[in-house]
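# Fold and geometry: a report
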Protein chains: 2
Amino acid sequence: MVIDEIPGFWAVVPAGGAGTRLWPLSRSGSPKFLHDLTGAGQSLLEQTQRRLAPLVGDRLLVVTGEAHRAAVREQLTMLPPDGVIAEPSARDSMAAIGLAAALLERRGAEVMGSFAADHVIADPDGFAAAVTEAVAAARDGWLVTIGIQPTFASSAFGYIREGEPLPGHPSARMVAAFVEKPSVSVAEEYLATGEYRWNAGMFVVRPTVLLDLLAAQDPEFTATLRAIAAEPERLAELWERLPRIAIDHAVAEPAAAAGRVVTIPGGFRWDDIGDFDSLAGLLGDDDACSVLGDRALTQLIGASGIVVPGSGRTVAVVGLDDVVVVDTPDALLVTTRARAQEVKNVVAALKERGRTDLL
Amino acid sequence: MVIDEIPGFWAVVPAGGAGTRLWPLSRSGSPKFLHDLTGAGQSLLEQTQRRLAPLVGDRLLVVTGEAHRAAVREQLTMLPPDGVIAEPSARDSMAAIGLAAALLERRGAEVMGSFAADHVIADPDGFAAAVTEAVAAARDGWLVTIGIQPTFASSAFGYIREGEPLPGHPSARMVAAFVEKPSVSVAEEYLATGEYRWNAGMFVVRPTVLLDLLAAQDPEFTATLRAIAAEPERLAELWERLPRIAIDHAVAEPAAAAGRVVTIPGGFRWDDIGDFDSLAGLLGDDDACSVLGDRALTQLIGASGIVVPGSGRTVAVVGLDDVVVVDTPDALLVTTRARAQEVKNVVAALKERGRTDLL
């Protein structure tokens, strides 16, 4: 398949999120998007940029925290000077993506697409094909989301319920509703209907359409975003006025209810690597033990799961199934794939003890 | 209870054994007897010396490998210059204890007792009482062993089957037989009879009696030991002629068959810390997670078993029961109490890979 650059299309990459369930790999000073979590030789951020480059060239805008601006520039040396927006503070995804939209509106971007910096996609061509279709629909004024074909009944993702087909765009369908993360049994019912897809948080839309959809809910929010774009020197002052809200609640859900959202199917393998269970599933098959790092640093006897030998020390594991062992220079984590969600409780406990040096 | 020093009684402490099932705590360069495995603030060797001091004063002879001579002296500063015998090579327990016997025979010791450097005894007074009784029986010419009252059907220890009472020594009984480590089900049968005790390898005997019992099986062995004692400068030359055999097979079993061995009951809690399962059992109750080291270096959520934070790093464990996590500066072990015996396979595998730096 030949992938063509899409004229007038810009990519926005929100690079935030602490990734506390991936502690001690992911730290507040070095969140997961800066790490090579797949053994690909590139960080998740670098992989995201390389996946988007064939579609957008250097029309890429990374929105990240002030603390990570330097690290982002170090990894993405191709970014132009105005390619990074540093948020003065974390104010959730609507502020981050909305500011990018306001800036791109002024720069004359026709369509923008928002793609998180810490997702993993196995099939870049399939991704490019879906994005190309999404841009075509977005040009017609729709808010377009890419709906991932589910491969199992996950309780870790939100879902998109598909509605009627969209005339003029062969694979597009209306979005009947966005639904929150379900229980596994509810997710199984979703899959049985064939009407549900995973919500990967990928939105493709004209910047003005996005800002106007937001204005329909919160005119002040859109006005402030446009004010910042008009006078960037007022960023620090105006930023703190923006509500903390996710783009899903601020725009996507109300717009779906108003019949303004469509979805394009994504058949590529996708994961957001929410925790070590997800990472283990991504890296290996169920029987063997995945090693993220130098396998010569491990000695595994009757072990399955995932081992990260990240300190140069030898890691020996004997007789444990579905185990998670993450070794870093100053902290070690031992848990199981089934309990991987609880790693965030370790981070919370360490924070309470004042061990911010480890967070 | 008042413990009296026992005139003419010497303690022999064989300090050997690699302790590979306690890797990575125990290393060939730093075997388990040199470590504080119980959190007592003293190594097992130091604890052994302090347990014996009330009975023998400084009449203590440590038999260890040439490589560990300096470390032994560093820990036991009270030892007189001739208090350490350095074996030119490891030749099993008969050579080690037999050489001590030959040296003590020349020094005029009346009775000697052999007590391993790496055992743990919870009740020093109970131990002293049993040893005092054992010495009294040894003065009458018996080979005396202290038989530990079993607390469960262990398959990790050899057993002593008791015979008839010994007249003149209230709690002493003849040893009908020594039996090898049984299966758990056989051990359960042993316990049901009430006739079996654990063999802790503690032998109390007149040096000359021990050497003569050995001579009855292997006159050359005894002659060589006495030759070394007579001319210590010939140690390196003569040592290599000694057979590699355990004292149990060389002397204790044939002497028991000949009706020359008696046993004194030991009601004190005893363990040889064979592996991390045994260490976990020794340190804690079944529900909680034992920590050998600084508990402030751990963050435990739904964890039981044993954690050894031995590198200064923080160790977090989430949702694992009966786990074993041993953190050292250059190697990390993660296993379960049930699989703790297999840790020796890690050592074997690392040896095969040429990683002697870790052994």
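Here, the structure is the one placed above.
Attention in this report is confined to the structure presented alongside it. Residue positions are given per chain, counting from 1 as you read along its sequence in written order. The naming scheme follows written order: chains are lettered A onward, ligands numbered 1 onward. Selection of residues for local features in this predicted model requires a pLDDT of at least 70, selection of side-chain atom pairs for listing and counting requires 80 or more, and totals for whole chains, interfaces and linings are taken over all residues. To obtain the side-chain values, all non-hydrogen atoms of the structure were included, while hydrogens and water were left out.

### Things to note about the interface of chain B and chain A
Heads up, the condition is: Residue contacts are counted whenever heavy atoms from the two residues lie within 4.5 Å of one another. We define a salt bridge as a contact between a side-chain nitrogen of Lys or Arg and a carboxyl oxygen of Asp or Glu at a distance within 4 Å. By the criterion applied in these results, polar contacts are pairs of N or O atoms within 3.5 Å in which, for protein atoms, one can donate a hydrogen and the other can accept it, and in which residues neighboring in sequence qualify only through two side-chain atoms. Helix and strand assignments follow DSSP, with helices taken as H or I runs no shorter than four residues and strands as E runs no shorter than two, numbered in order from the N terminus. In the scheme used here, Gly and all other residues not listed as nonpolar or charged are polar, with Ala, Val, Leu, Ile, Met, Phe, Trp, Tyr, Cys and Pro taken as nonpolar and Asp, Glu, Lys and Arg as charged. Pairing between two strands is assigned when DSSP locates at least 2 bridges connecting them.
Across the contact, 34 residues belong to chain B and 34 residues belong to chain A. Remark: the boundary between chain B and chain A carries two salt bridges. Measuring nitrogen to oxygen at the nearest pair gives 2.7 Å for the salt bridge that ties Arg 313 of chain A to Asp 327 of chain B. At the boundary of chain B with chain A, the tally comes to 22 residue pairs in polar contact (both at pLDDT 80 or more). At the level of secondary structure, the elements contributing two or more residues to the side of chain B that touches chain A comprise β13 (298-309), β14 (314-327), β15 (331-336) and α11 (343-352) of chain B. Looking at the side of chain B that touches chain A residue by residue, the class counts come to 18 nonpolar, nine polar and seven charged. With four bridges joining them, strand β15 (residues 331-336) of chain A and β14 of chain B adopt parallel strand pairing. Paired with Val 334 of chain A across the bridge in β14 of chain B is Val 317 of chain B.

### Some details on empty space enclosed by the protein
All names here are of chain A. We apply this condition: Buriedness of a pocket was judged along seven lines, with at least five required to meet protein on both sides within 12 Å; pockets are open sets of points on a 1 Å grid over the protein atoms alone, cavities are sets where a 1.4 Å probe fits but cannot get out, and lining residues have an atom within 4 Å of a point. Grid points are joined across faces, edges and corners, and a volume is the space filled by probe spheres set on the points.
Tallied over the entire structure, the rule returns two cavities of 30 Å³ or more. Approximately 50 Å³ is the volume attributed to the largest cavity. In the lining of the largest cavity, the residues fall into six nonpolar, one polar and one charged. What the second largest cavity holds in volume is close to 40 Å³. Lining the second largest cavity are Thr 48, Arg 51, Leu 52, Phe 115, Ala 116, His 119, Ile 121, Phe 127 and Met 202. For the lining of the second largest cavity, the element with the highest residue contribution is helix α1 (residues 44-56), accounting for three residues. The class makeup of the residues in the lining of the second largest cavity is six nonpolar, two polar and one charged.

### Here's the deal with the relation of the copies chain B and chain A
Relating the two copies of this chain is a rotation about some axis coupled with a shift parallel to it. The test is simple: The superposition of copies rests on a least-squares fit of C-alpha positions from residues with pLDDT of 70 or more in both.
When chain B is fitted onto chain A, the two copies agree to an RMSD of 0.1 Å after a turn of 180° and an axial shift of 0.1 Å. Taken together, the rotation and translation describe the operation of a two-fold axis. For chain B, the smallest separation between a C-alpha atom and the rotation axis is recorded for Val 334 of chain B, amounting to 4.0 Å. When the interface residues of chain B are mapped onto chain A, 100% of them are again interface residues, pointing to one common binding face.

### Notes on the packing of helix α6 (residues 207-217) of chain B against helix α7 (residues 219-230) of chain B
Two measures define how a pair of helices packs: the angle their axes make with one another and the distance between the axes. Residue and element names in this part refer to chain B. Our working rule: Comment: axis = line fitted to C-alpha atoms, over the contacting stretch for helices; angle = value between 0 and 180 degrees taken between N-to-C directions. Angles are sorted into four bins: roughly parallel if under 35 degrees, roughly antiparallel if over 145, roughly perpendicular if 65 to 115, and oblique for all others.
Close contact between α6 and α7 brings their axes to 5 Å; oriented N to C, the two are set at 140°. Between α6 and α7, the crossing angle belongs to the class labelled oblique. Residue-level contacts link Thr 208, Leu 211, Asp 212, Leu 214, Ala 215 and Gln 217 of α6 to Pro 219, Phe 221, Thr 222, Leu 225 and Arg 226 of α7. Residues that form the contact of α6 with α7 fall into these classes: six nonpolar, three polar and two charged.

### A closer look at the environment of Val 334 of chain B
Residue and element names in this part refer to chain B. What counts here: Burial classification: accessible surface area is computed with a 1.4 Å probe over protein chains only, and a residue below 20% of its type maximum counts as buried, one above 50% as exposed, and the rest as partly exposed.
When you line up the elements, Val 334 lands in strand β15. Under the relative-accessibility criterion, Val 334 is labelled buried at 0%. Separated by eleven residues in sequence, Val 334 and Val 323 place their C-alpha atoms 7.4 Å apart.

### Topic: α1 of chain A
All names here are of chain A. In plain terms, the rule: Take the residue count of a helix, subtract one, and multiply by 1.5 Å to get its expected span.
Over its 13 residues, α1 extends 18 Å from the first C-alpha to the last, a length consistent with the 18 Å expected when each residue adds 1.5 Å. Buried residues dominate α1, accounting for ten of its 13 residues. Listed as buried for α1 are Leu 44, Leu 45, Glu 46, Gln 47, Thr 48, Gln 49, Arg 51, Leu 52, Leu 55 and Val 56. Of the surrounding elements, those touching the buried residues of α1 are β1 (9-15), β2 (60-65), α2 (69-75), β5 (120-121) and α4 (124-139). Where α1 ends, the next residue or the one after it, Gly 57, has phi of about 60°, a positive value.

None of this, on its own, says anything about what the molecule does.
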